[in-house]
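Here are the chains, one letter per residue:
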Protein chains: 2
Amino acid sequence: MANINEVAKVAGVSVATVSRVLNGQNVVTPKTKIKVEDAIRKLKYEPSMLGRNLRNSESRVLLVLVPTISNPFYFEIIKGIEQNALDHNYNILLCETDSNPERENIYFDLVRKKMADGIISMDPAVNIDTLKELSKNHAIIQCSEYSLEGNIPYVTIDNEDAAYRAVKHLIKLGHEKIALFNSNEKYLYARQRKDGYVKALEEFGIQVNPDYMLYTDQLGFEQGIQATKKVMSLKDRPTAIFSVSDLLAIGALKELNNTGVEVPDEVALIGFDNIDFSNMTHPTLTTIAQPMYQMGTVASTMLINKINGEDVENKFLNHELLIREST
Amino acid sequence: MANINEVAKVAGVSVATVSRVLNGQNVVTPKTKIKVEDAIRKLKYEPSMLGRNLRNSESRVLLVLVPTISNPFYFEIIKGIEQNALDHNYNILLCETDSNPERENIYFDLVRKKMADGIISMDPAVNIDTLKELSKNHAIIQCSEYSLEGNIPYVTIDNEDAAYRAVKHLIKLGHEKIALFNSNEKYLYARQRKDGYVKALEEFGIQVNPDYMLYTDQLGFEQGIQATKKVMSLKDRPTAIFSVSDLLAIGALKELNNTGVEVPDEVALIGFDNIDFSNMTHPTLTTIAQPMYQMGTVASTMLINKINGEDVENKFLNHELLIREST
DNA sequence: ATGAAAGCGCTAACAA
DNA sequence: TTGTTAGCGCTTTCAT
């Protein structure tokens, strides 16, 4: 494995000139440029990022923090981040925290130790104090999930409006007994979505029934099953369920199918996120689509700008209600 | 951001001593060690991986190549790789090739340029010639999907036997008209799984019917629907389908549900991989479980050993037929 | 047990 | 346009 010195020697020039050719600086004479390129080819030289990164005090790595990689919600966002990162010569380190503080800390250490130039956090359970502290010296962007503390820039959607529209859609369909499967209210988005739910009900003069509002710590399939069992065992069953995640809704669907409850005839169902599987179920799931890919590219652009010392502003992107078979 | 020099100055020692403390070498006097640790705390010093990596000619990054991150098959494998990597102080760079040679090359470049110390390839569509070439100078392991060319170590399961057992299970259930939804036979695992299918049929004296053997370029939900449409429009419909991926089988299930065909009564269904969703469908899917997490840890261990210059041997892990509602 | 110094591979400021 | 040289932050050899 040749290094820049050997290339310089073979080409009969200095390392500075080789470096100039490598970095496409146009000061080099075509003639010398060719000499250098020949030497590079001859030696099969590959410039080492190790030297370059140390010299430039950068790693060209972006850290992407997700609670779990198996939640399909993150796929498109990650794709957006990654494509944008590659376009700007960055690579992404995808980090799964499992909402485990220890693991999270391993990853935070990577930016402290200069293995990463910045962080895009999508973990709602992230330790916001640590994040605040880190953001003083490092570039950080929050994506989708965010906290207002610490003035960390974020990109997200209007969660309240999204929930409002979903519930309004159910009401227009004639539903009045509408259950809400929500996330823990310690999360901002959970509070916002509840607000949207309540707002829609109140607008149509429907009493908010606490029995219909269920909270789960995780947003998975299993939790959807459990919540459905609970709500369907009430004397006064709901005729519609609004879940704040598709996975939750798919769990609900499974339980309803299992117990012979017809969807949407007996119980209508709305999810959130428009994951691929929401269109594969039987019946297909009405859901709220977030512009995930775009969210990813925007977050990535914001982060790269921040790394470059620019000021960045919070962004709100548009969502959309996708009406399918389950309502 | 302090560096090692400042720490040395504040502690009143040389940088060598600081480095020794950092790396837990036991030669340092407790007294000086304390001085150094105090200085580190005082300056909030964080050692830079950039300097260390250059000095050690390593990046402590493992590159993990998958065709797509949205295929749930890879989740557990990736988790296994990651946990094992973290345990050995490595980080993983998860790379999605989209089976796109250009993208693939971007990632290969990372190891050429020392941004990664080795590769775990899980992409069946990987350019095997490039991989062979790379493996001369870099540590590479194949996981799950593999090619015998180039003597690149791999970890996998016995695909032929897995398929054989799945089909035998269907035969024992009384099925004789068994369709095979397979991947393109340019892939080794596709040929192996077909061999298992044929072997089971022949063992029970059942004629192999070419009409029942369908090939799809991708192993997704949509392909499952299309293949099912095709096979169910035959005059002599099959009574069972063996799909080489769960996603394919879930597509089949969707199509059968849509057209009112009862599963498993009219058509039995077997998938492959035991992805999470295979247990969420209605009915739940009989499938073949690969020890994915273990596959990941094994692959990661093999790679790290290879990076350290050790010899590594190919490994075959055990699979298991999970009988659920669809058969 | 500790320190001085070289060097990993690169870029860029300065000089020519 | 090109070369010389310092230095990014660290580890390690060799002296002491």
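Residues numbered from 1 in each chain as written. Chains lettered and ligands numbered in written order. Predicted model: local features only at pLDDT ≥ 70, side-chain atom pairs only at ≥ 80, totals over all residues. Heavy atoms only, no water.

Draft legend 1. View of the packing of helix α5 (residues 73-87) of chain B against helix α12 (residues 292-307) of chain B. Residues and elements named next belong to chain B. Running from N to C, α5 and α12 cross one another at 45°; their axes reach a closest spacing of 7 Å. On the basis of their axis angle, the class for α5 and α12 is oblique. Crossing of α5 over α12 shows right-handed handedness. Contacts from F73, E76, I77, K79, G80, I81, Q83, N84 and A85 in α5 reach M292, Y293, M295, G296, T297, S300, T301 and I304 in α12. In terms of residue class, the contact of α5 with α12 is made up of eight nonpolar, seven polar and two charged. (Axes fitted to C-alpha atoms, helices over the stretch in contact; angles between N-to-C directions. Helix = DSSP H or I, 4+ residues; strand = E, 2+ residues; numbered from the N terminus. Parallel < 35°, antiparallel > 145°, perpendicular 65-115°, else oblique. Left-handed = near helix turned anticlockwise from the far one by under 90°. Contact = heavy atoms within 4.5 Å. Nonpolar A, V, L, I, M, F, W, Y, C, P; charged D, E, K, R; others polar.)

Draft legend 2. The arrangement of the sheet that holds strand β7 (residues 213-216) of chain A in detail. All names here are of chain A. The parallel open sheet is built from four strands, whose spatial order is β7-β6-β8-β9. The outermost strands of the open sheet, each flanked by one partner alone, are β7 and β9 (268-270). Shown here is a sheet whose adjacent strand axes are inclined to one another by a mean of 15°, direction ignored. Pairing analysis gives four bridges linking strand β6 (residues 178-183) to β7, with the strands arranged parallel. Its bridge partner lying in β7, N182 is registered against Y215. Sitting on the sheet, helix α8 (residues 159-172) touches β6, β8 (240-243) and β9, and the angle it makes with β8 is about 170°. (Pairing = 2+ DSSP bridges.)

Draft legend 3. Main features of the protein's contact with DNA strand D. Neighbouring DNA strand D are 26 residues, the closest being A:R20, A:T29, B:I4, B:Y45 and B:R55. Of what DNA strand D places within 4 Å of the protein, 60% of the atoms are sugar or phosphate. In this structure, A:T17 approaches DNA strand D through a side-chain N or O atom, which is 2.8 Å from a phosphate oxygen. Residue composition of the surface near DNA strand D, by class: 10 nonpolar, 11 polar and five charged. (Near = heavy atom within 4 Å. Polar contact = N/O pair within 3.5 Å; in protein donor to acceptor, adjacent residues only side chain to side chain.)

Draft legend 4. Examining the domain arrangement of chain A more closely. Examined at the domain level, chain A breaks down into domain 1 (4-47), domain 2 (61-157 + 292-317) and domain 3 (159-289). The distance between the C-alpha centroids of domain 1 of chain A and domain 3 of chain A comes to 63 Å. (Domains from an automatic or database assignment.)

Draft legend 5. A look at the relation of the copies chain B and chain A. Placing chain B over chain A gives an RMSD of 0.1 Å and needs a rotation angle of 180°, together with 0.0 Å of translation along the axis. The transformation relating the two chain copies, once decomposed into turn and shift, fits a two-fold axis. Across chain B, the smallest distance between a C-alpha and the rotation axis is recorded for B:L93, namely 2.6 Å. (Least-squares fit on C-alpha atoms with pLDDT ≥ 70 in both.)

Draft legend 6. Focus on the environment of A:S300. Residues and elements named next belong to chain A. Along the polypeptide, S300 turns up in helix α12 (residues 292-307). A C-alpha to C-alpha distance of 9.9 Å links S300 and I92, two positions 208 residues apart in sequence. In this view, S300 contacts L62, I81, N84, A85 and I120; residues no more than four positions away in its chain are not counted.

Draft legend 7. Quick look at the protein's contact with DNA strand C. Surveying the vicinity of DNA strand C reveals 26 residues, the closest of which are A:I4, A:Y45, A:R55, B:R20 and B:T29. For DNA strand C, the fraction of protein-proximal atoms (within 4 Å) that sit in sugar or phosphate groups is 63%. In this structure, a phosphate oxygen belonging to DNA strand C sits 2.8 Å away from a main-chain N or O atom of B:S14. Within the contact set of DNA strand C, a base nitrogen lies 3.2 Å away from a side-chain nitrogen or oxygen of B:R55.

Draft legend 8. Focus on unusual backbone geometry. Geometrically, the link from A:H282 to A:P283 is a cis peptide bond, its omega value of 0° lying close to zero. Residue B:P264 is reached from B:V263 by a cis peptide bond, and omega for that bond is 5°. Residue placement: B:P264 occurs in the loop between α11 (246-258) and β9 (268-270). The phi angle at A:S144 is positive, at roughly 75°, despite the residue not being glycine. One can find A:S144 in the loop between β4 (139-143) and β5 (154-157). Phi angles above zero are rare outside glycine, and B:R60 is one such case at about 55°. Along the chain, the position of B:R60 falls in the loop between α4 (49-56) and β1 (61-66).

Draft legend 9. Just the nonpolar core, in detail. Core analysis: the biggest nonpolar cluster contains 162 residues, and A:M122, A:F242, B:M122 and B:F242 have the highest contact counts within it. Apart from residues lying up to four places away in sequence, A:M122 is in contact with A:V64, A:L65, A:V66, A:P67, A:Y74, A:I77, A:I78, A:I81, A:C143 and A:E145. Core analysis: the second largest hydrophobic core is formed by 40 residues, A:Y107, A:M115, B:Y107 and B:F108 among them. (Core = buried A, V, L, I, M, F, W, Y, C linked by side-chain atoms within 4.5 Å. Buried < 20%, exposed > 50% of the residue type's maximum accessible area, 1.4 Å probe, protein only.)

Draft legend 10. Seen up close, the UniProt feature "domain: HTH cro/C1-type" (unreviewed entry) in chain A. Residues annotated in UniProt with the feature "domain: HTH cro/C1-type" (unreviewed entry) correspond here to residues 6-50 of chain A. Split by type, residues 6-50 of chain A is 67% helix and 0% strand. Its first and last C-alpha atoms lie 17 Å apart. (UniProt positions renumbered as here; feature names shortened; annotations may be inferred.)

Draft legend 11. Molecular detail of the pattern of salt bridges. Counted by the stated rule, this structure contains 21 salt bridges over all chains. Across the pair A:K177 and A:D236 runs a salt bridge, and its minimum N-O distance is 2.9 Å. Of this pair, A:K177 sits in the loop between α8 and β6 while A:D236 is found in the loop between α10 (221-232) and β8, placing the two residues 59 residues apart along the sequence. With relative accessibility at 41%, the residue A:D236 sits in the partly exposed group. Between B:E58 and B:R60 there is a salt bridge whose closest N-O contact spans 3.1 Å. Relative accessible area serves as the criterion here: at 16%, B:E58 is assigned to the buried category. (Salt bridge = Lys/Arg side-chain N within 4 Å of Asp/Glu carboxyl O.)

Draft legend 12. Focus on the sheet that holds strand β2 (residues 91-96) of chain A. Residue and element names in this part refer to chain A. Overall, parallel pairing links the six strands, which are arranged β2-β1-β3-β4-β5-β11 in an open sheet. This sheet does not close on itself; its edge strands, each paired only once, are β2 and β11 (315-317). Put simply, the sheet's adjacent strands are angled 20° from each other on average, direction ignored. Across six bridges, the pairing between strand β1 (residues 61-66) and β2 is parallel. Note on β2: the bridge partner recorded for L65 is C95. Sitting on the sheet, helix α6 (residues 101-112) touches β1, β2 and β3 (118-121), and the angle it makes with β1 is about 165°. In the packing of α12 onto the sheet, contacts are made with β1, β3, β4, β5 and β11, and the angle to β4 comes to roughly 165°.

Draft legend 13. Quick peek at the UniProt feature "domain: HTH lacI-type" (unreviewed entry) in chain A. On the UniProt side, "domain: HTH lacI-type" (unreviewed entry) is annotated at positions that read residues 2-56 of chain A here. Taken end to end, residues 2-56 of chain A comprises 69% helix and 0% strand; its first and last C-alpha atoms sit 21 Å apart.

Draft legend 14. Layout of the interface of chain B and chain A. Every contact between the two is made by 51 residues of chain B and, on the other side, 51 residues of chain A. Summing the contributions of chain B and of chain A, the shared interface buries around 4600 Å²; its carbon and sulfur component is 66%. Of all residues in chain B, B:L50, B:M115 and B:F277 bury the most surface against chain A, accounting for 14% of the area lost on that side. Across the contact surface, chain B and chain A share three salt bridges. Across the pair A:E96 and B:K79 runs a salt bridge whose closest N-O atoms are separated by 3.5 Å. Applying the counting rule to chain B against chain A returns 12 residue pairs in polar contact (both at pLDDT 80 or more). Going through the elements one at a time, α4, α5, β2 (91-96), α6 (101-112) and α11 of chain B are the ones with two or more residues in the side of chain B that touches chain A. For the side of chain B that touches chain A, a count of residues per class yields 23 nonpolar, 16 polar and 12 charged. (Buried area = accessible area lost by both parts, 1.4 Å probe.)

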